[in-house]
Amino acid sequence: PRYWEESVFERDTKRLLAYYKHVVPGSMSDGDKQNAKYLVWKYKGKPNKLWRRLEKKYGIPVLHAHEYEDLEEKSEEEIEVENLDDEEESEEKQTGDEEKDL
């Protein structure tokens, strides 16, 4: 039981830190492990209350730490797709300009 409590405490601390990094990057809360540990300790036994308050305050639901990594990977893939589209458009413009020159 003690191991389980420590494991949950560490998991929730990582979850809170990942949330702050996603929602308010560069803020005082982003990366403040001591404050994250304090909040998780303060809401011990009622973590859903903490997650609901954070969601209400920032307007963004609290995901698990690994889910933010998945979001970042998806956004990077979207950026790559957008860049490929931009490259194709610029190539079409260049081909059109070259045809005008002929």
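Residues numbered from 1 in each chain as written. Predicted model: local features only at pLDDT ≥ 70, side-chain atom pairs only at ≥ 80, totals over all residues. Heavy atoms only, no water.

**Concerning the side chain of Thr13**
Position of Thr13 among the secondary structure elements: in helix 1 (residues 2–23). Judged by its relative accessible area of 1%, Thr13 is buried. What Thr13 contacts, discounting residues up to four positions off in sequence, is Ala36, Lys37 and Val40. (Helix = DSSP H or I, 4+ residues; strand = E, 2+ residues; numbered from the N terminus. Buried < 20%, exposed > 50% of the residue type's maximum accessible area, 1.4 Å probe, protein only. Contact = heavy atoms within 4.5 Å.)

**Some words on a positive patch on the surface**
A cluster of basic residues, Lys42, Lys46, Lys49, Arg52, Arg53 and Lys56, forms a positive patch on the protein surface. The element contributing the most residues to the positive patch is helix 3 (residues 47–58), with four residues. With respect to the element layout, Lys49 can be found in helix 3. (Patch = residues over 30% accessible without salt bridge, like charges linked within 9 Å, V, L, I, M, F, W, Y side chains within 5 Å. Areas by Shrake-Rupley, 256 points an atom, 1.4 Å probe, with all protein chains shown as cover. Salt bridge = Lys/Arg side-chain N within 4 Å of Asp/Glu carboxyl O. Lys, Arg positive; Asp, Glu negative; His and termini not counted. Charge placed at Lys NZ, Arg CZ, Asp CG, Glu CD.)

**Quick notes on the layout of surface pockets**
One number sums up the size of the largest pocket: a volume of about 290 Å³. Around the largest pocket, the lining is made up of 15 residues, and of these Glu5, Val8, Phe9, Lys44 and Gly45 lie nearest the centre. Those elements giving two or more residues to the lining of the largest pocket turn out to be helix 1, helix 2 (33–42) and helix 3. Looking at the lining of the largest pocket residue by residue, the classes come out as nine nonpolar, one polar and five charged. (1 Å grid on protein atoms, 1.4 Å probe; cavity = no way out; pocket = protein on both sides within 12 Å on 5 of 7 lines; lining within 4 Å. Points joined across faces, edges and corners; volume = space filled by probe spheres on them. Nonpolar A, V, L, I, M, F, W, Y, C, P; charged D, E, K, R; others polar.)

**A look at the nonpolar core**
Ranked by size, the top nonpolar core spans 16 residues in total, and within it Leu16, Tyr19, Tyr20, Trp51, Leu54 and Val62 carry the most contacts. Within the residue set of this core, elements represented by two or more residues are helix 1, helix 2 and helix 3. Ranked by residue count, the leading element in this core is helix 1, at six residues. For Tyr19, the contacting residues outside a window of four places in its chain are Val24, Leu54, Glu55, Tyr58, Ile60, Pro61, Val62 and Tyr68. (Core = buried A, V, L, I, M, F, W, Y, C linked by side-chain atoms within 4.5 Å.)

**Structural notes on helix 2**
Residues three or four positions apart in an α-helix share a direction because the helix packs 3.6 residues into each turn. Within helix 2, the full set of buried residues consists of Ala36, Leu39 and Val40. Taken down its axis, helix 2 places every buried residue within 100 degrees of arc, on the same side. Exposed side of helix 2, more than 90 degrees from the buried face: Gln34 and Trp41 are the residues found there. Where helix 2 is buried, its residues contact helix 1 and helix 3. (Arc of directions from axis to C-beta.)

**Let's talk about the packing of helix 1 against helix 2**
Between helix 1 and helix 2, whose axes approach to 9 Å, the crossing angle comes to 125 degrees. One finds that helix 1 runs oblique with respect to helix 2. Crossing handedness for the pair helix 1 and helix 2: right-handed. Together, Phe9, Glu10, Asp12, Thr13, Leu16, Leu17 and Tyr20 of helix 1 and Lys33, Ala36, Lys37, Leu39, Val40 and Trp41 of helix 2 make up the contact between the two elements. (Axes fitted to C-alpha atoms, helices over the stretch in contact; angles between N-to-C directions. Parallel < 35°, antiparallel > 145°, perpendicular 65-115°, else oblique. Left-handed = near helix turned anticlockwise from the far one by under 90°.)

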